[in-house]
Amino acid sequence: MLEVEVSVLPKSVCPCCCDGVASPVPPQRILPRSIAGPGLISELLVSKFGDHHPLYRLEDRFTRLGWFLSRSTLCDWAKGAADLLKPLCERMVQRVLGSPMI
């Protein structure tokens, strides 16, 4: 089941000054210019790499749930998550190669 998290950002106008409309900073996303949250990204990665589901099956699964997410979007999200996790992977490789036994 997918959930939508809606962030309502109220705008305000100061009648005393001429600074215009002020609004709070929107919450930061895990992937820039993306609507995906951390839960959806983790579901995508676990389904693709843990359960070995190809992206076309994930695309169909999300469509059945009422969400049309194109295969290219899913691929972009997987690549973005891989870029985020690259420093962690490199650190794990250093730790394994630096240990006395593998």
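Everything numeric in this text was worked out from a predicted model, so none of it was measured.

### A closer look at the overall build of the chain
For step 1, the next point in the chain: Looking only at helices and strands, the chain features three helices and two strands.
For step 2, the next point in the chain: Ordering the α and β elements of the chain from the N terminus gives β-β-α-α-α.
For step 3, the next point in the chain: A compact globule built from 102 residues would reach a C-alpha radius of gyration of about 13 Å, whereas the chain, at 20 Å, exceeds it by more than 25%.
For step 4, the next point in the chain: Along the first, second and third principal axes, the C-alpha atoms of the chain reach 70 × 40 × 20 Å.

### Structural notes on the layout of surface pockets
For step 1, the next point in the chain: Its volume calculated, the largest pocket comes out at about 550 Å³.
For step 2, the next point in the chain: Lining the largest pocket are 22 residues, and of these Glu3, Ile35, Ala36, Gly37 and Leu40 lie nearest its centre.
For step 3, the next point in the chain: Among the secondary structure elements, those contributing two or more residues to the lining of the largest pocket are helix 1 (38-50) and helix 2 (55-64).
For step 4, the next point in the chain: Grouping the constituent residues of the lining of the largest pocket by class yields 13 nonpolar, four polar and five charged.

### Some thoughts on unusual backbone geometry
For step 1, the next point in the chain: The phi dihedral of Arg33 falls on the positive side, at around 55°, and the residue is not glycine.
For step 2, the next point in the chain: Here Arg33 lies in the loop between strand 2 (21-22) and helix 1.
For step 3, the next point in the chain: Even without a glycine there, the phi angle at His52 is positive, about 60°.
For step 4, the next point in the chain: Here His52 shows up in the loop between helix 1 and helix 2.

### Quick word on the side chain of Glu59
For step 1, the next point in the chain: Note on placement: Glu59 falls in helix 2.
For step 2, the next point in the chain: In this structure, Glu59 is in contact with Phe68, Leu69, Ser70, Arg71 and Leu74, ignoring residues within four places of it in sequence.

### Details of the side chain of Ser34
For step 1, the next point in the chain: Considering the arrangement of structural elements, one finds Ser34 in the loop between strand 2 and helix 1.
For step 2, the next point in the chain: Within the structure, Ser34 has its side chain in polar contact with the side chain of Trp77 (distance 3.1 Å).

### Let's talk about the packing of helix 2 against helix 3 (residues 71-98)
For step 1, the next point in the chain: Between helix 2 and helix 3, the least distance of the axes is 9 Å, while the angle of their chain directions is 115°. As summarised for this structure, helix 2 and helix 3 are arranged roughly perpendicular, according to the angle between their axes. Seen along the crossing, helix 2 lies across helix 3 with a hand that is right-handed. Of helix 3, the residues touching helix 2 (which contributes Leu55, Tyr56, Leu58, Glu59 and Phe62) are Arg71, Leu74 and Cys75.

### Things to note about helix 1
For step 1, the next point in the chain: Three or more residues of helix 1 are buried, namely Leu40, Ile41, Leu44, Leu45 and Ser47. Buried residues of helix 1, viewed axially, fall in a sector of 170°; they line one side.
For step 2, the next point in the chain: Of the surrounding secondary structure, the elements contacted by the buried residues of helix 1 are helix 2 and helix 3.
For step 3, the next point in the chain: The positive-phi residue at the C-terminal boundary of helix 1 is His52, with phi of around 60°.

Conventions we followed
Residues numbered from 1 in each chain as written. Predicted model: local features only at pLDDT ≥ 70, side-chain atom pairs only at ≥ 80, totals over all residues. Heavy atoms only, no water. Helix = DSSP H or I, 4+ residues; strand = E, 2+ residues; numbered from the N terminus. Rg over C-alpha atoms; globule rule 2.2 N^0.38 Å. 1 Å grid on protein atoms, 1.4 Å probe; cavity = no way out; pocket = protein on both sides within 12 Å on 5 of 7 lines; lining within 4 Å. Points joined across faces, edges and corners; volume = space filled by probe spheres on them. Nonpolar A, V, L, I, M, F, W, Y, C, P; charged D, E, K, R; others polar. Contact = heavy atoms within 4.5 Å. Polar contact = N/O pair within 3.5 Å; in protein donor to acceptor, adjacent residues only side chain to side chain. Axes fitted to C-alpha atoms, helices over the stretch in contact; angles between N-to-C directions. Parallel < 35°, antiparallel > 145°, perpendicular 65-115°, else oblique. Left-handed = near helix turned anticlockwise from the far one by under 90°. Buried < 20%, exposed > 50% of the residue type's maximum accessible area, 1.4 Å probe, protein only. Arc of directions from axis to C-beta.

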